[in-house]
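# Structure assessment
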Amino acid sequence: MLNSYVHLVNSLSEFNFKTFLSQYSKVIVFADENTNRYCYPLLKEHLPEHLLTIIQSGEEQKTLQTCSVLWNSMTEAGLDRKSFVINLGGGVLGDMGGFCAATYKRGVDFMQIPTTLLSQVDASVGGKLGVDFQDFKNHIGVFQDPQKVIIFSDFLKTLDRDELRSGFAEIIKHALIKDNKQFEALKNITLMQLQNLDFEFNKIISHSISIKSNVVLNDPTEKGERKILNFGHTLGHAIESFYLPKPNQKLLHGEAIAIGMICESYLSYIKSYITKNELNEICDYILKIYGKVKIPDSDLDSILELTTHDKKNSHGNVKFSLIKSIGNCVFDIIISNNEMMDAIKFYVSK
Ligand SMILES: NC(=O)c1ccc[n+]([C@@H]2O[C@H](COP(=O)([O-])OP(=O)(O)OC[C@H]3O[C@@H](n4cnc5c(N)ncnc54)[C@H](O)[C@@H]3O)[C@@H](O)[C@H]2O)c1
Ligand SMILES: [Zn+2]
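### Let's talk about the overall build of the protein
In terms of regular secondary structure, the protein is built from 15 helices and 10 strands. Here the C-alpha atoms of the protein give a radius of gyration of 20 Å, agreeing with the 20 Å that 2.2 N^0.38 yields for 350 residues. Seen through its C-alpha atoms, the protein measures out along the principal axes to roughly 60 × 40 × 40 Å. Relative to its 350 residues, the protein shows a buried fraction of 54%. Restricting the contact set of the protein to residue pairs at least 6 apart, pairs at least 24 apart contribute 76%. About 15,500 Å² of surface is accessible on the protein, with carbon and sulfur atoms providing 48% of the total. Here the protein contributes 37 positive and 41 negative side-chain charges, whose respective centroids are spaced 3 Å apart.

Below is the structure:
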């Protein structure tokens, strides 16, 4: 089931922006230089009179300083509490623009128009908004649902192919934690088909969003079940963080999560939650799409060290969400350092 505020459209004219927005006093669109160039021209004609503020793209821009720029343009334009914000962009712009809307004059309504695959199937659903602070990712933020999320997969045509493949990792994750049949279906998609958007993409996006929607509906503030969305992310984040400062080895989020899913499937296997066959099936498919990243033995200790910084830990234990047969997931599973090391070594040996 899709959340009622999520609209998956085949054409932007399917959603009547002008009628919907007529209840608001002013409309402002936030975009970055890429979505301004590639996506805004498609959207513009569907909107009533509006303002446009463009910020620079990139995770390093996801800061309170950039929020000041956005709050400033809202203030200078004289936006009141009946104004409306449209966030046209990937997860960085959506998280930050949503946060600015949710806090401006104690909150104005906003809409997410996600333009990357990652933001369409993951970031735009679930109400988490915010920015990075000092060295901490998503450190300052709020939970607030948008009025509408408009998903238009044609935007993905201009997206960098590595970014597209990166977002696909979350689609694989959603299938592994909640839908065995969907994983079977995904396994038929080749890298070539993925990069040419050469299959029924809308169906896959909509299915993936519905998995995330259902999980967050049951547990909006991550007290329990929502933790299953972290499958692949405990070791995946550590690997992502470790290679982040190394320009030639930097991994996109989904590329790191793909490695994390292999490692954490191995942990699921050693806990006897999945069979050897299931483990092989998962590894074979992920390696087919993402290839193998070389992780030298000399990096392993430092990567492991980074898992202790994970936000989800408590009392010095590293807790994992692991799959219990493909299509099911359990959470809060304590894993020892030795087991984590074996899991990364398992990937290295592939
Ligand atoms: N709120 C949540 O629940 C949640 C979940 C997952 C991730 N996130 C956040 O999402 C962010 C990552 O999002 P992302 O992967 O979308 O990255 P992003 O927003 O940085 O976008 C990636 C790049 O693609 C460009 N781009 C966007 N749409 C385009 C298009 N249609 N054509 C051409 N270029 C385009 C952007 O300008 C940017 O350069 C992270 O900050 C992460 O914390 C949030
Ligand atoms: Zn992720």
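### Details of the nonpolar core
Of all hydrophobic cores here, the largest spans 73 residues; its most connected members are Leu-117, Phe-168, Ile-172, Leu-176 and Phe-201. By residue number, the principal contributor to this core is helix α12 (residues 253-270), which donates nine residues. A domain split of this core shows at least three residues from each of domain 1 (6-158) and domain 2 (162-348). In this structure, Val-9, Leu-12, Tyr-40 and Leu-88 belong to the second largest nonpolar core, which totals 21 residues.

### Some points on the pairing of strand β5 (residues 109-114)
The element β5 is largely enclosed, with a buried count of five among its six residues. In this structure, strand β4 (residues 84-89) lies alongside β5, joined through six bridges in parallel fashion. Note that in β5 the partner of Val-85 across the bridge is Phe-110. Examined bridge by bridge, β5 and strand β8 (residues 148-152) share two bridges and lie parallel to one another.

### Details of the coordination of the zinc ion (ligand 2)
Ideal donor angles around a metal are set by the shape: a four-donor tetrahedron calls for 109.5 degrees, a six-donor octahedron for 90 or 180 degrees. Around the zinc ion (ligand 2), the protein contributes the donor atoms Glu-170 (OE), His-233 (NE2) and His-253 (NE2), which lie 1.9 to 2.1 Å from the metal centre. Summarised as a motif, the one-chain spacing of the donors to the zinc ion (ligand 2) is E-x62-H-x19-H. Placement of the pair is Glu-170 in helix α7 (residues 161-178) and His-253 in helix α12, with a sequence separation of 83 residues.

### Description of the sheet that holds strand β1 (residues 6-9)
As summarised here, the arrangement of the six strands in space is β1-β8-β5-β4-β2-β3, forming an open sheet in which the pairing is parallel. In the strand order of this sheet, the two ends are held by β1 and β3 (51-55), each with one partner. Here the average twist between neighbouring strands, direction ignored, is 20 degrees. Note that β1 and β8 share four bridges and pair parallel. When the sheet's bridge partners are listed, His-7 is paired in β8 with Ile-150. Set on the sheet, helix α5 (residues 91-103) makes contact with β2 (27-32), β3, β4 and β5; between it and β4 the angle comes to about 170 degrees.

### Considering helix α11 (residues 233-243)
Of all 11 residues making up α11, nine are buried, and the element is well covered by its neighbours. Within α11 the residues assigned to the buried category are His-233, Thr-234, Leu-235, Gly-236, Ala-238, Ile-239, Glu-240, Phe-242 and Tyr-243. Looking at the buried residues of α11, the elements they touch are α7, α12, α14 (300-307), β9 (319-323) and α15 (337-348).

### Some words on the site of ligand 1
Near ligand 1 lie 25 residues; those nearest to it are Asp-32, Glu-59, Thr-115, Thr-116 and Thr-158. Between an oxygen atom of ligand 1 and a main-chain N or O atom of Gly-91, the distance comes to 2.8 Å. Its free accessible area being 880 Å², ligand 1 has 86% of it covered by the protein chains. Elements supplying a minimum of two residues to the shell around ligand 1: α2 (33-38), α5, α6 (117-123) and β7 (136-143). Broken down by class, the residue content of the shell around ligand 1 amounts to seven nonpolar, nine polar and nine charged.

### Observations concerning the environment of Asn-36
Tracing the chain through its elements places Asn-36 in helix α2. Between the C-alpha atoms of Asn-36 and Val-142, which are 106 residues apart in sequence, the distance is 26 Å. Residue contacts for Asn-36: discarding those within four places in its chain leaves Ala-31, Pro-41, Leu-52 and Ile-54.

### What to know about the domain arrangement of the protein
For the protein, the domain assignment lists domain 1 (6-158) and domain 2 (162-348). Distance between the C-alpha centres of domain 1 and domain 2: 27 Å. Contacts between domain 1 and domain 2 engage 19 residues on the former and 23 residues on the latter. Of the roughly 1,800 Å² buried where domain 1 meets domain 2, counting both sides, 67% is carbon and sulfur surface. Inspection of the domain 1/domain 2 interface yields two salt bridges. In this structure, Asp-122 and Lys-212 form a salt bridge, with 2.7 Å as the shortest nitrogen-oxygen distance. On inspection of domain 1 and its partner domain 2, the count reaches six residue pairs in polar contact (both at pLDDT 80 or more). Elements represented by at least two residues in the side of domain 1 that touches domain 2 include exactly β1, α6 and β7. The biggest single contributor to the side of domain 1 that touches domain 2 is α6, with five residues. Across the side of domain 1 that touches domain 2, the residue classes break down as 10 nonpolar, five polar and four charged.

Rules used throughout
- Residues numbered from 1 in each chain as written.
- Chains lettered and ligands numbered in written order.
- Predicted model: local features only at pLDDT ≥ 70, side-chain atom pairs only at ≥ 80, totals over all residues.
- Heavy atoms only, no water.
- Helix = DSSP H or I, 4+ residues; strand = E, 2+ residues; numbered from the N terminus.
- Rg over C-alpha atoms; globule rule 2.2 N^0.38 Å.
- Buried < 20%, exposed > 50% of the residue type's maximum accessible area, 1.4 Å probe, protein only.
- Contact = heavy atoms within 4.5 Å.
- Areas by Shrake-Rupley, 256 points an atom, 1.4 Å probe, with all protein chains shown as cover.
- Lys, Arg positive; Asp, Glu negative; His and termini not counted.
- Charge placed at Lys NZ, Arg CZ, Asp CG, Glu CD.
- Core = buried A, V, L, I, M, F, W, Y, C linked by side-chain atoms within 4.5 Å.
- Domains from an automatic or database assignment.
- Pairing = 2+ DSSP bridges.
- Donors = N, O, S within 2.8 Å, 3.2 Å for Na, K, Ca; no water.
- Axes fitted to C-alpha atoms, helices over the stretch in contact; angles between N-to-C directions.
- Near = heavy atom within 4 Å.
- Polar contact = N/O pair within 3.5 Å; in protein donor to acceptor, adjacent residues only side chain to side chain.
- Nonpolar A, V, L, I, M, F, W, Y, C, P; charged D, E, K, R; others polar.
- Buried area = accessible area lost by both parts, 1.4 Å probe.
- Salt bridge = Lys/Arg side-chain N within 4 Å of Asp/Glu carboxyl O.

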